[in-house]
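Read off the chains here:
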Amino acid sequence: MNLKERIIEEISLSGPMPFERFMEVSLYDPDGFFGGAKLRSEKAGDFLTSPEVSSLFGETLARYVEQAHQRLGDPFQLVEVAAGSGSLIRPLLESYEVPASAVEVSPAARESLAKLVPVTSELPESVRGVILANELLDNLPMALAQRMDGTWRERWVGAEGNELSFVDAPVRPEVEAWLDEYAGPVDDGGWVEVQLAAGEWVREAIDALTEGSILIFDYGDTAENLLSRRRDGTLRTYRSHHLGPHPLDEPGETDITADVNFSALMVPGATLHRQDEFLSRLGLRDRLSELRHAELEAARDGAEMERLKLRTLKTEAETLLHPRGLGDFRVLEIVVGP
Ligand SMILES: C[S@@+](CC[C@H](N)C(=O)[O-])C[C@H]1O[C@@H](n2cnc3c(N)ncnc32)[C@H](O)[C@@H]1O
């Protein structure tokens, strides 16, 4: 039985399932998108993340870790959560060496990471240092709601024959409380992804951190700025670097994701930044200028191989800083302790 058939069987036995259950199974079941033997987050995979675009992402964040280490002293630890293939932590540790570990739930990613650092499937109980997570929260299971006649209704997953479809369900109290607090004034018909698990993850990370900071990178925005995307909502799938089919069509075969509502994560000590500005403050824009100059010099000197190498790096830095692309991602920085 494939994953879709198993989901349909579960629905036929227990009735329609909340969307977060569907997302959990579709992504993290052993037959799910991240649960199998295939490493998803690499250049040849299904989506291109900042660390997969360039080692400059990890190298730039090494400056952040270095500054935090200088501020806090020892003992100090770097923990990367949802570390994927290791494309962030590898160049980071090559630029600045500190005790480090990774947290991953995907078996394929764990295998890749184990060559670099110790790996666990859960956050350590106690961390003093920096916790990093790139594109974790958009992949945590979420509930789905729609505004109908001035009230909230949930959209659960039901089955008709061999097909899955959204079915109407009353809103659960915890979902309604989240919507009332964080969705904002959504028009009738509007769809909202209810990110309770993202909030829980942030609370867990804060509990684990005795002193230091948490850096969370993801696409998304404040509730207010997300309002214009609410007509159809932001739930979507990715496959082979492109938008994929409807989220219910091929469970396990596509990434399922949505924009992160950062307003729901603004705890005391938190600040929200744009990725381009955050990386520029850590020196990436200066590095880009150096690369541009060095490329021109290599061209003048007729050093063709060197020029091509520099041009590639320059293009990667531009991609990380692109104001309508990765530069438009958000960075949530949460500082804990003095
Ligand atoms: C979009 S990928 C990002 C991978 C990597 N950070 C990158 O930027 O290339 C999301 C990753 O989050 C991992 N993940 C999901 N839930 C997790 C959790 N609770 N703890 C640790 N990793 C998790 C998935 O297995 C997957 O590898």
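Keep in mind that this is a model prediction, so the values were computed, not measured. (Residues numbered from 1 in each chain as written. Predicted model: local features only at pLDDT ≥ 70, side-chain atom pairs only at ≥ 80, totals over all residues. Heavy atoms only, no water.)

1. What about the overall build of the protein?
The helix and strand tally for the protein stands at 12 helices and 16 strands. Against the globule reference of 20 Å for 338 residues, the protein gives a C-alpha radius of gyration of 21 Å, in line with a compact fold. Projected onto the principal axes, the alpha-carbon positions of the protein cover approximately 65 × 45 × 40 Å. Per-residue burial for the protein yields a buried fraction of 54% across its 338 residues. Within the protein, contacts between residues at least 6 apart in sequence are counted, and of these 70% link residues at least 24 apart. (Helix = DSSP H or I, 4+ residues; strand = E, 2+ residues; numbered from the N terminus. Rg over C-alpha atoms; globule rule 2.2 N^0.38 Å. Buried < 20%, exposed > 50% of the residue type's maximum accessible area, 1.4 Å probe, protein only. Contact = heavy atoms within 4.5 Å.)

2. Topic: the nonpolar core
Counting residues in each nonpolar core, the largest one holds 41 residues, and the members touching the most others are Leu61, Leu78, Leu92 and Leu132. For this core, the secondary-structure elements that each account for two or more residues are α4 (55-72), α5 (89-95), β2 (100-103), β4 (127-134), β9 (209-218), α10 (275-281), α11 (284-301) and α12 (304-321). Viewed by domain, this core spans two of them, domain 1 (50-140 + 196-222 + 254-278 + 327-336) and domain 2 (284-321), each represented by three or more residues. Ignoring any residue separated from it by four or fewer positions in sequence, one finds leucine 61 in contact with Leu88, Leu92, Leu132, Leu215, Phe217, Phe278, Leu279 and Leu282. Listed in part, the 25 residues of the second largest apolar core include Val81, Val103, Leu123 and Val336. (Core = buried A, V, L, I, M, F, W, Y, C linked by side-chain atoms within 4.5 Å. Domains from an automatic or database assignment.)

3. Some points on the packing of aromatic side chains
One pass over the structure, following the stated rule, counts 10 aromatic pairs. Ring centres 5.8 Å apart and planes at 40° place the aromatic pair tyrosine 64 and phenylalanine 278 in the tilted group. Here tyrosine 64 is found in helix α4, whereas its partner phenylalanine 278 is found in helix α10, with 214 residues between them in sequence. As far as burial versus exposure is concerned, tyrosine 64 and phenylalanine 278 are alike and both buried. The rings of Phe19, Phe22, Phe166 and Trp191 are connected pair by pair, giving a single aromatic cluster. Seen from the ring of tryptophan 152, arginine 147 lies directly overhead, with NZ or CZ sitting 4.8 Å from the centre. (Phe/Tyr/Trp six-rings, centres within 6.5 Å; stacked < 30°, edge-to-face > 60°. Lys NZ or Arg CZ within 6 Å of the ring centre and 35° of its normal.)

4. Re the site of the ligand
Within the structure, the ligand sits among 19 residues, and Tyr28, Thr49, Ala82, Glu104 and Asn134 are positioned closest to it. The side chain of glutamate 104 places a nitrogen or oxygen atom 2.6 Å from an oxygen atom of the ligand. Taking asparagine 134, its side chain carries an N or O atom lying 2.8 Å from an oxygen atom of the ligand. Taking 590 Å² as the accessible area of the ligand by itself, protein coverage stands at 93%. (Near = heavy atom within 4 Å. Polar contact = N/O pair within 3.5 Å; in protein donor to acceptor, adjacent residues only side chain to side chain. Areas by Shrake-Rupley, 256 points an atom, 1.4 Å probe, with all protein chains shown as cover.)

5. So, the domain arrangement of the protein
Domain annotation of the protein identifies domain 1 (50-140 + 196-222 + 254-278 + 327-336) and domain 2 (284-321). Domain 1 puts 11 residues into the contact, and the matching count from domain 2 is 10 residues. Summing both partners gives a buried area of about 790 Å² for domain 1 against domain 2, and 65% of it is carried by carbon and sulfur. Among the residues domain 1 hides against domain 2, the three largest losses belong to Val53, Leu56 and Asp276. Together they make up 57% of the total. The tally of links from domain 1 across to domain 2 stands at 1 salt bridge. Among the ionic pairs, glutamate 59 bridges to arginine 287, the shortest N-O distance being 3.7 Å. Per-element tally for the side of domain 1 that touches domain 2: the top contributor is α4, with 5 residues. Grouping the amino acids of the side of domain 1 that touches domain 2 by side-chain chemistry returns 3 nonpolar, 6 polar and 2 charged. (Buried area = accessible area lost by both parts, 1.4 Å probe. Salt bridge = Lys/Arg side-chain N within 4 Å of Asp/Glu carboxyl O. Nonpolar A, V, L, I, M, F, W, Y, C, P; charged D, E, K, R; others polar.)

6. What to know about the layout of surface pockets
Approximately 810 Å³ is the volume found for the largest pocket. Lining of the largest pocket is provided by 39 residues; of these, Val81, Ala82, Val105, Leu136 and Leu140 occupy positions nearest its centre. Broken down by secondary-structure element, the contributors of at least two residues to the lining of the largest pocket are α2 (19-28), α3 (50-53), β1 (77-81) and α8 (196-208). Counting residues per element, the lining of the largest pocket draws most heavily on α8, which supplies 5 residues. (1 Å grid on protein atoms, 1.4 Å probe; cavity = no way out; pocket = protein on both sides within 12 Å on 5 of 7 lines; lining within 4 Å. Points joined across faces, edges and corners; volume = space filled by probe spheres on them.)

7. Some words on the pairing of β2
Where burial is concerned, the two faces of β2 agree: the one with Ala100 and Ala102 and the one with Ser101 and Val103 are both buried. Taken together, the 4 bridges between β1 and β2 define a ladder with parallel strand orientation. Note on β2: the bridge partner recorded for valine 81 is valine 103. Note on the crossover from β1 through α5 to β2: the handedness is right-handed. With 2 bridges connecting them, β2 and strand β3 (residues 119-120) associate as parallel partners. Pairing of valine 103 across the sheet is with threonine 120, part of β3. After leaving β2, the chain enters helix α6 (residues 107-113) and then returns to the sheet as β3, a path that is right-handed. (Pairing = 2+ DSSP bridges. Right-handed = clockwise from strand over helix to strand, strands pointing away.)

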